[in-house]
Amino acid sequence: MQEKYAPADIEQAAQRRWEDSAAFRAVEDPAKPKYYCLSMFPYPSGKLHMGHVRNYTIGDVLTRYHRMRGFNVLQPMGWDAFGLPAENAAMANGVPPAQWTYDNIAYMKKQLKSLGFAIDWGRELATCRPEYYKWNQWLFLRMLEKGLAYKKTQVVNWDPVDQTVLANEQVIDGRGWRTGAAVEKREIPGYYLAITQYADELLGALDRLPGWPERVKTMQANWIGKSHGVRFAFPYELDGRREKLWVFTTRADTIMGVTFCAVAAEHPLASTAARGNPALAAFIEECKQGSVMEADMATMEKKGMPTGVFVSHPLTGEKIEVWVGNYVLMGYGEGAVMAVPAHDERDFGFAKKYGLPIKQVIDIPGQPFSLDAWQEWYADKENGRCVHSGKYDGLGLAAAVDAIAADLQAKDLGGKQVTWRLRDWGISRQRYWGCPIPLIHCERCGTVPVPDDQLPVALPEDCVPDGAGNPLNKREDFLNCACPKCGGAARRETDTMDTFVDSSWYYSRYASADNHRAMVDARVKYWLPVDQYIGGIEHAILHLLYSRFWTKAMRDLGLVDFDEPFSRLLTQGMVLNETFFRKPAAGRIRYYNPADVELKFDDKGNRIGAVLKEDGEPVESGGIGTMSKSKNNGVDPQALIERYGADTARFFMMFASPPEQTLEWSDSGVEGSYRFLKRLWSYCARFGPSAVAEASAKESAKESPKAARFEIHAALKQANYDFARFQFNTVASAAMKILNALERCGGGRHAVSEEGLSILLRLLSPITPHICDHLWRELGFGDDILHAPWPEPLEAALAQDEVELVLQVNGKLRGAVKVPADAAKKHIEAAALASEIALKYMEGKAAKKVVVVPGRLVNIVV
RNA sequence: GCCGGGAUGGCGGAAUUGGUAGACGCAGCGGACUCAAAAUCCGCCGCUGGAAACAGUGUGGGGGUUCGACUCCCCCUCCCGGCACCA
């Protein structure tokens, strides 16, 4: 065996062997329990980053662990290949997005392979391939038939940088999720998927996902935003016509306190009233411009203007003035609200500002009501009772709402209603590099779906976008087609689908990726749902909500028979690194890569500063943050693998912190992981034939084989416990403990080292598969460690004759007592009381009570 | 403001769920090997006092329950993440 650990050689050899033997090809086998382990597929941006390495290592550790546990495991990989970075790259260097994308895929695939992931590459897919997106189009047409997809023109979020529409989910703090550009409002026609039809199920089913992190479920529930209330109308007359102003409220019990109404700037009543009222028209225009563009909408000053329109209170008939308010959102409820300034903080502020009346209708005895300032209790839902509300006086919230809803219903002016925050999913994008929407516009027949037998509508792959709109609009060969209905000349739709459509069902496609006649086939029944999904928390709403919706839509179309796509979800933490910078007296702040910085410590190991290696001059620390280009604190996985090998990279990733937590990068931590693998290697290199070993073992041993064996099995027991709860950092520690124990009981081959090393290699093989594969063969443990059974701790090894119990006096640790492992409580008590330590600390007092915890401790209370 | 998650040595993090706090590793200090350095190996390493034995103290702060609390309960401080004119 080679003296020195040379990761590059053994890793390539192992990877070649796995590839040649198709070791990770997954085949449906009803006799075995299946385990579908999926990591979120990457966008082919160019090269892997540390987040990818962490994500896929977690997935691979779980994959390999379950394989050895006897599961039939599927771990596929693919590419989320449509999207805007490809178009931006095309504009920058004139290469068609398709070519850029395929080149990136080729490079990143090579990188993934060099990390030794147990992936079934036979199922690889890329969403930009027609054989994949054909089924996007096919399913879109089925949704269209069912009314689940539809066209409408409405005010949408427009990203001025990416030149496209964004879904509500893609707008964060008023800015585009990708570009960070302030989103504008535009009225544009587009196609929508009726995700709101599934709002109730999407919300309710969250309770049936015990394997999902609580915070992801909370975020989804908040996003869906179910709210119970009353929808009712204020009747009014305008230009001689009888109209109704509909509003929604969760506080119908305060209806008698309404002193005005407010509508959104985009509300039809506002536009009607603005005719012949230039001041109002100007104000409406100001609201439309400003509102969504302001990132700090919440703190924005409340502004309004009266419309001059008066409506009637539905219960009292009182005249109520309607205002336009910049705080009313067109996208929620009816885009109009009843205003009860006495019991709603926003309405209160608005009424004070414009001198509108405030009428108290809720009271809590003992709490004084004053018009001077808003009090928290004014909006108290639990303790408030109706006052000044006629027949409703004395009622609490629930009873008042019931009574008022019934009265409104009797007048045919409304009733109870559930309102959702969730909006339908707008999927039209005015971009080139995406899946074409399979529709044809005919002057005679209108919009006509592309017939199934003409799918896919293929996207030309040779376009080079120039930044001036969608290049498809200039492609006559794409645009011109025959109307499927009348056969006349027609034009294709040039909008493409949101790329989140592509990723909403790829996990199902892996199960039947080679079937070009159906979207999914029977094999989906075997593999799906995904048993373990792993990815970043940033997809908590977008991708994970869309996928859940898509699954339910596919189910209702009879394509799959499961309700939820991902049984368990692991959201891995981000990879962080420290930032270092210098801020010159004049000029811009400059960031230095941590690799070029040397840390300074005092004699006690306390950090006292950092200097740039190049010039020895100090740099400032900007704290720990996500790896990013702008902060120059990224670490390239490629360099890491080339220097230390994939096993070291994988081990460090698992060891540095538990998978759900953030991981702080540390060069010396990587060094430590490498050191451990080198130690493992050199231990194995000395693992000679038994006769020689026996003697040398006795000589060098610092610990008895029996004690070492106990430690090894105890560490294994802990590791198995931690594997089951996905705490891989302590699994890695356990492996280190086992090697420490092996080294303590002497080198060479003997009964304990043979057993211990066989345990260690198997335990470690999901994390560092290459070195374990090599050593397993080299030392003659067997043919292929992939087929070795998972190690289990033996009771016999864990049995002890004598145990040491902690001895406490009055709860304070004072020493220890040794007793036989099977000693009765009585004997332990007697032994403890008789011990020197007990006599010393009891100071002659009598024991009041003795607590014995078997196997743990004795506490004497005096 | 609301919801969720946190706070443990110089650092990353353990503590099998109420039973020896600081496992494992990093950094640091001392030593061996070396002409020297790197690599490797051995030892020490929460804080305070002490030469040491040892004693005291210690899991963000304060109180409580318990023989015993990082862990459970109440109050407070700070940090991170999400949502937020949602009517």
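Worth saying up front: this structure is predicted, and the values here are computed from it rather than measured.

Enquirer: Can you break down the overall build of chain A residue by residue, with the values?
Expert: Looking only at helices and strands, chain A features 27 helices and 37 strands. In terms of overall dimensions, chain A has a C-alpha envelope of 110 × 85 × 70 Å along the principal axes. The burial tally for chain A puts 52% of its 862 residues in the buried class. Sequence separation of at least 24 residues holds for 71% of the intrachain contacts in chain A that already meet a minimum separation of 6. Accessible area of chain A: about 38,700 Å², with a carbon and sulfur share of 51%. One finds the centroid of the 103 positive side-chain charges in chain A at a distance of 2 Å from the centroid of its 108 negative side-chain charges.

Enquirer: Describe in detail the protein's contact with RNA strand B, supporting the description with residues and values.
Expert: Near RNA strand B, the surroundings consist of 56 residues, among which D603, N606, R725, Y841 and N859 are the closest. Separating a base oxygen of RNA strand B from a side-chain N or O atom of K302 is a distance of 2.7 Å. N729 places a side-chain nitrogen or oxygen 3.2 Å from a sugar or linking oxygen of RNA strand B. Only α7 (214-224), β11 (241-249), α19 (667-685), α22 (728-744), β34 (802-809), β35 (812-820), β36 (849-853) and β37 (857-861) provide two or more residues apiece to the surface near RNA strand B. Broken down by element, the residue count for the surface near RNA strand B peaks at 6 residues, all from α22. Considering only residue class, the surface near RNA strand B consists of 21 nonpolar, 17 polar and 18 charged.

Enquirer: Account for the packing of aromatic side chains, naming residues and giving values.
Expert: Summed over the entire model, instances satisfying the criterion amount to 48 aromatic pairs. Here F348 and Y378 contribute two aromatic rings whose centre-to-centre distance is 6.5 Å and whose plane-to-plane angle is 55 degrees, an arrangement assigned as tilted. Of this pair, F348 sits in helix α10 (residues 345-354) while Y378 is found in the loop between β16 (362-363) and β17 (385-386), placing the two residues 30 residues apart along the sequence. Judged on exposure class, the residue F348 and its partner Y378 are both buried. Pairing W425 with F549 gives two aromatic rings, centres 6.3 Å apart and planes at 75 degrees, and the pair type is edge-to-face. A residue pair is termed long-range when its members are at least 10 positions apart, and W425 in strand β19 (residues 425-426) and F549 in helix α16 (residues 542-556) qualify at 124 residues. A residue is classified by how much of its surface remains accessible, and W425, at 0% relative accessible area, is buried. Looking at F549, the relative accessible area reads 0%, which means it is buried. Following the ring pairs from residue to residue traces out a cluster consisting of F41, Y506, Y507, Y510, Y533 and F566. The side chain of K152 reaches across the aromatic face of Y192, ending 4.6 Å from its centre.

Enquirer: Kindly report on the nonpolar core, identifying the contributing residues and their values.
Expert: Membership of the largest hydrophobic core comes to 173 residues, with the highest contact counts inside it found for F140, W425, Y506, W550, L680 and L757. Per-element accounting of this core gives the leading share, 10 residues, to α22. Sequence-distant contacts of L757, defined by excluding residues within four places in its chain, comprise L680, Y683, C684, F687, L742, L779 and F781.

Enquirer: Explain the side chain of N470 residue by residue, including any values.
Expert: Structurally, N470 can be placed in the loop between β22 (446-449) and α12 (476-479). Classification of N470 by relative accessible area gives buried; the value is 7%. The contacts of N470, once residues within four sequence positions are left out, are Q430, R431, Y432 and T494.

Enquirer: So what about empty space enclosed by the protein? Which residues, and what values?
Expert: Per the counting criterion, the structure on display carries 3 cavities of 30 Å³ or more. The space that makes up the largest cavity amounts to roughly 60 Å³. Lining the largest cavity, in full, are W18, R64, M68, S765, P766, P769, D773, D784, I785 and L786. Mapped by element, the contributors of at least two residues to the lining of the largest cavity are α2 (50-68) and α24 (769-778).

Enquirer: Tell me about the sheet that holds β36, residues and numbers included.
Expert: As a general point, the strands of a sheet are linked pairwise by backbone hydrogen bonds and lie either parallel or antiparallel. Spatially, β35-β34-β37-β36 is the arrangement adopted by the 4 strands of the open sheet, whose pairing is mixed. The sheet is open, and its two borders are formed by β35 and β36, each paired with just one other strand. The average undirected angle you get between the axes of adjacent strands in this sheet is 20 degrees. As judged from the 4 bridges shared by β34 and β37, these two strands associate in the parallel manner. Each residue of the ladder has a partner; that of V806, found in β37, is L857. Across the sheet, helix α26 (residues 825-834) touches β34, β35, β36 and β37, and the angle it forms with β36 is around 120 degrees.

Enquirer: Outline the environment of K113, supporting the account with residue identities and numerical values.
Expert: If you trace the backbone, K113 turns up in helix α4 (residues 97-114). According to the relative accessible area criterion, K113 is partly exposed, its value standing at 29%. Linking K113 and Q12, residues 101 residues apart in sequence, is a C-alpha distance of 9.6 Å. Aside from chain neighbours lying at most four places away, what touches K113 is Q15, E19 and W121.

Each value, and the rule that gives it
Residues numbered from 1 in each chain as written. Chains lettered and ligands numbered in written order. Predicted model: local features only at pLDDT ≥ 70, side-chain atom pairs only at ≥ 80, totals over all residues. Heavy atoms only, no water. Helix = DSSP H or I, 4+ residues; strand = E, 2+ residues; numbered from the N terminus. Buried < 20%, exposed > 50% of the residue type's maximum accessible area, 1.4 Å probe, protein only. Contact = heavy atoms within 4.5 Å. Areas by Shrake-Rupley, 256 points an atom, 1.4 Å probe, with all protein chains shown as cover. Lys, Arg positive; Asp, Glu negative; His and termini not counted. Charge placed at Lys NZ, Arg CZ, Asp CG, Glu CD. Near = heavy atom within 4 Å. Polar contact = N/O pair within 3.5 Å; in protein donor to acceptor, adjacent residues only side chain to side chain. Nonpolar A, V, L, I, M, F, W, Y, C, P; charged D, E, K, R; others polar. Phe/Tyr/Trp six-rings, centres within 6.5 Å; stacked < 30°, edge-to-face > 60°. Lys NZ or Arg CZ within 6 Å of the ring centre and 35° of its normal. Core = buried A, V, L, I, M, F, W, Y, C linked by side-chain atoms within 4.5 Å. 1 Å grid on protein atoms, 1.4 Å probe; cavity = no way out; pocket = protein on both sides within 12 Å on 5 of 7 lines; lining within 4 Å. Points joined across faces, edges and corners; volume = space filled by probe spheres on them. Pairing = 2+ DSSP bridges. Axes fitted to C-alpha atoms, helices over the stretch in contact; angles between N-to-C directions.

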